[in-house]
Amino acid sequence: MAHKPYAPIPMVPGPVTLHPAVLTAMTRDYGSGQIEPDYLKLYAETGRNLAQLMGTQHDVVLMTGEGMLALWAALKSCLVPGDRVLSVGTGVFGDGIGDMAASIGCEVLKVSLPYNETIDDLTGIEDAIRSFKPKMLTAVHCETPSGTLNPLAGLGALKQACGVPLFYVDAVASVGGAPVQADAWHADLVLGGSQKCLSAPPSMSFLSVSPAAWETIESVGYQGYDAIAPFRTVQQDGRCPYTPYWHGTAALNAGALAILNEKGGMQGCFDRHREVAERCRAGLAKLGVELWTAEGAVNSPTVTAAMVPEGFTWPEWRQGLRERGLIVSGSFGPMAGKVFRLGHMGTQATEALVDAALDVIESVMQD
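Residues numbered from 1 in each chain as written. Predicted model: local features only at pLDDT ≥ 70, side-chain atom pairs only at ≥ 80, totals over all residues. Heavy atoms only, no water.

Comments concerning the overall build of the protein
We apply this condition: Only DSSP runs of H or I reaching four residues or more are called helices, and only runs of E reaching two or more are called strands; each is numbered from the N terminus. For this measure, only C-alpha atoms enter the radius of gyration; the expected value for a globule follows 2.2 Å times N^0.38, where N is the number of residues. Per-residue accessibility, obtained with a 1.4 Å probe over protein chains only, is compared with the maximum for each type, and a residue is labelled buried under 20%, exposed over 50%, and partly exposed between these values. When checking whether two residues touch, look at their non-hydrogen atoms; a contact exists if any pair is within 4.5 Å.
Helix and strand counts for the protein stand at twelve helices and 13 strands. Taking 2.2 N^0.38 as the reference for a compact globule, 367 residues should give roughly 21 Å; the C-alpha atoms of the protein span a radius of gyration of 20 Å, in line with that estimate. If one aligns the C-alpha atoms of the protein with their principal axes, the spans along those axes are about 60 × 55 × 35 Å. When burial is assessed residue by residue, the protein has 56% of its 367 residues classed as buried. Partitioning the intrachain contacts of the protein with sequence separation of at least 6 by distance along the chain shows that 74% fall at a separation of at least 24.

Put into structure tokens, the structure is as follows:
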């Protein structure tokens, strides 16, 4: 029996509408993940599939909780008060990681770029790394509030050249929708969530953990619900550190498999996201809607950030779109009230959906 969608044109940048395979996986009844060997097989398979999407040969840990769980887990499991963290920020989330590290007592240096730009010239970042000598370097791949995608290969090479022990990457809104190359970027902790390009509920988070990160995690010895250390021995122990979410893991795996099995595989999926994003931005330009991103910045293939059209307040604009069935999101920080965002990620990265959204936008602007 088909369910009526919450909105005819869902275009929020996560949580996205669920993939049919994800819905199917969640309709099954499962046993207890604590005692069933079948769960451990599923855990291992899901980790392998996610590792392909993340471009890593390293371990992938699965945790029960929304994507922020992985962000906190990686910080608290690897850092102690007084540790130095250099955060590279091109948006609310990038700078926010620095705030998170500061809240657990770390000494934080922020290298903050304008929120409508992406990482380009590394000179200032290199100078900061060499003088500050951080234990951890942090960055966000896709800044969803800004609609941007940061090139991280150069930053990863800089991390390696300068001998920074750990490189932490938030890839929550890019895994599955854009190429993520954890190992090639020399990234030690790459963090993801189920509710974006994987088109699953916001119930699971995951992260890749390099050997260097494992060594640090063991030396720090952090304990808590969000501790990563106990997950290192899941297969050997035959159990997880707390009751795992079998339905959530199955849904996450179904979302990963949908990407890997898409026509053209991962690259086919990335091409779909890129083409839909280009179509979205070309359509907005035709309607006279300006992008938030600066000229020369790298726009994300998973989300577009645009300016609320002149003559509308954000509440008026949002309501006008909603009345015609289009659900979009606003933004945060300096973009609040000025920027609206279209999420074309996962199941929502389709030409038909973008065209329907553009028709609604045109209709509201002409009223």
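From this point on, the discussion continues.
So, the pattern of salt bridges
Worth spelling out the cut-off: The salt bridge definition used is simple: a Lys or Arg side-chain nitrogen within 4 Å of an Asp or Glu carboxyl oxygen.
Following the criterion strictly, the structure yields 14 salt bridges and no others. A salt bridge links Arg274 to Glu275; its shortest N-O distance comes to 3.9 Å. Among the ionic pairs, Glu351 bridges to Arg279, the shortest N-O distance being 3.6 Å. Residue Glu351 is found in helix H12 (residues 351–366), and its partner Arg279 is found in helix H10 (residues 265–287); the two are separated by 72 residues along the sequence. Here the residues in one salt-bridge network are Asp271, Arg274, Glu275 and Glu278, joined through shared partners.

A closer look at the packing of aromatic side chains
Cut-off, in case you're wondering: For Phe, Tyr and Trp, rings pair up if their centres lie within 6.5 Å, where Trp contributes its six-membered ring, and each pair is then called stacked (planes under 30 degrees apart), edge-to-face (over 60) or tilted (otherwise).
All chains considered together, the criterion is met by eight aromatic pairs. Between the aromatic rings of Tyr39 and Trp246, the centroid separation amounts to 5.6 Å while the plane-to-plane angle is 70°, which identifies the pairing as edge-to-face. Separated by 207 residues along the polypeptide, Tyr39 in helix H2 (residues 37–54) and Trp246 in helix H9 (residues 246–260) bring together distant segments of the chain. Look at Trp317 and Phe340: their rings are 5.4 Å apart centre to centre, the planes differ by 65°, and that puts the pair in the edge-to-face class. In this pair, Trp317 sits in helix H11 (residues 314–323) while Phe340 sits in strand S13 (residues 339–343), placing the two residues 23 residues apart along the sequence. For Phe340, a relative accessible area of 0% corresponds to the buried category.

What to know about the nonpolar core
Heads up, the rule is: Residues enter a nonpolar core if they are buried and are Ala, Val, Leu, Ile, Met, Phe, Trp, Tyr or Cys, with the set joined through side-chain atoms within 4.5 Å.
Counting residues in hydrophobic clusters, the biggest one holds 83 residues, and the most contacted among them are Leu50, Leu155, Leu189 and Leu207. Once residues within four sequence positions are removed from consideration, Leu155 is found in contact with Val88, Ile119, Leu122, Ile125, Leu137, Ala139 and Phe167. Judged by nonpolar contacts, the second largest core, of 22 residues, contains Ile9, Val276, Trp317 and Val364.

Points about the UniProt feature "domain: Aminotransferase class V" (unreviewed entry) in the protein
Under the convention used in this document: UniProt positions are given in the numbering used here, feature names are shortened, and annotations may be inferred rather than shown by experiment.
Residues given the UniProt feature "domain: Aminotransferase class V" (unreviewed entry) here are residues 40–330. Taken end to end, residues 40–330 is 41% helix and 17% strand, and its first and last C-alpha atoms sit 40 Å apart.

Points about the state of the cysteines
Just so we agree on the cut-off: Our working definition of a disulfide is a cysteine sulfur pair at a distance within 2.5 Å.
A complete count under the given rule lists zero disulfides for this structure. Cysteine Cys106 remains unbridged, with the sulfur of Cys78 as its closest cysteine sulfur at 10 Å. Accessibility expressed as a relative area gives 8% for Cys106, which makes it buried. Here Cys269 stays free of any disulfide, with the sulfur of Cys197 as its closest cysteine sulfur at 7.3 Å. What makes Cys269 buried here is its relative accessible area of 0%.

Examining H2
To keep things clear, this is the line we draw: Helix span, as expected, comes to 1.5 Å for every residue beyond the first.
Relative to the 26 Å expected for 18 residues at 1.5 Å per residue, H2 spans 26 Å between its end C-alpha atoms, a close match to the ideal helical length. Restricting attention to buried positions, one finds in H2 the residues Tyr39, Leu40, Leu42, Tyr43, Thr46, Gly47, Asn49, Leu50, Ala51, Leu53 and Met54. Residues of H2 that are buried make contact with strand S2 (59–64), strand S9 (189–193), strand S10 (204–209), helix H8 (234–237), H9 and H10. Immediately downstream of H2, the backbone of Gly55 shows phi near 65°, a positive value.

A look at the pairing of strand S4 (residues 107–112)
Using the following cut-off: Two strands are counted as paired when DSSP detects at least two bridges linking them. Seen with its strands pointing away from the viewer, a crossover is right-handed when the path leading from the first strand over the helix to the second is clockwise.
Sheet topology places strand S3 (residues 84–89) next to S4; six bridges connect them, and they run parallel. Following the sheet pairing, Val88 is matched in S4 by Val111. Between S3 and its parallel partner S4, the chain crosses via helix H4 (residues 92–103), and the hand of that crossover is right-handed.

Observations regarding unusual backbone geometry
Here the bond from Gly14 into Pro15 is cis, since omega is -5°, no more than 30 degrees from zero. Following the sequence through the fold, Pro15 ends up in the loop between strand S1 (9–10) and helix H1 (20–26). The phi torsion at His186 lies on the positive side, around 60°, for a residue other than glycine. For His186, the position within the fold is in the loop between strand S8 (166–170) and S9. Assessed through its relative accessible area of 30%, His186 is described here as partly exposed.

Examining the sheet that holds strand S5 (residues 136–140)
Using the following cut-off: Note on definitions: angles span 0 to 180 degrees between N-to-C directions of axes, and those axes are lines fitted to C-alpha atoms, for helices only across the stretch in contact.
Across the sheet, which stays open at both edges, the seven strands sit in the order S2-S10-S9-S8-S5-S3-S4 with mixed pairing between neighbours. Two strands in the sheet have a free side with no partner beyond their single neighbour: S2 and S4. Sheet twist, expressed as the average angle between the axes of neighbouring strands with direction ignored, equals 20°. Examined bridge by bridge, S5 and S8 share five bridges and lie parallel to one another. In the strand pairing of S8, Ala139 is matched with Val169.

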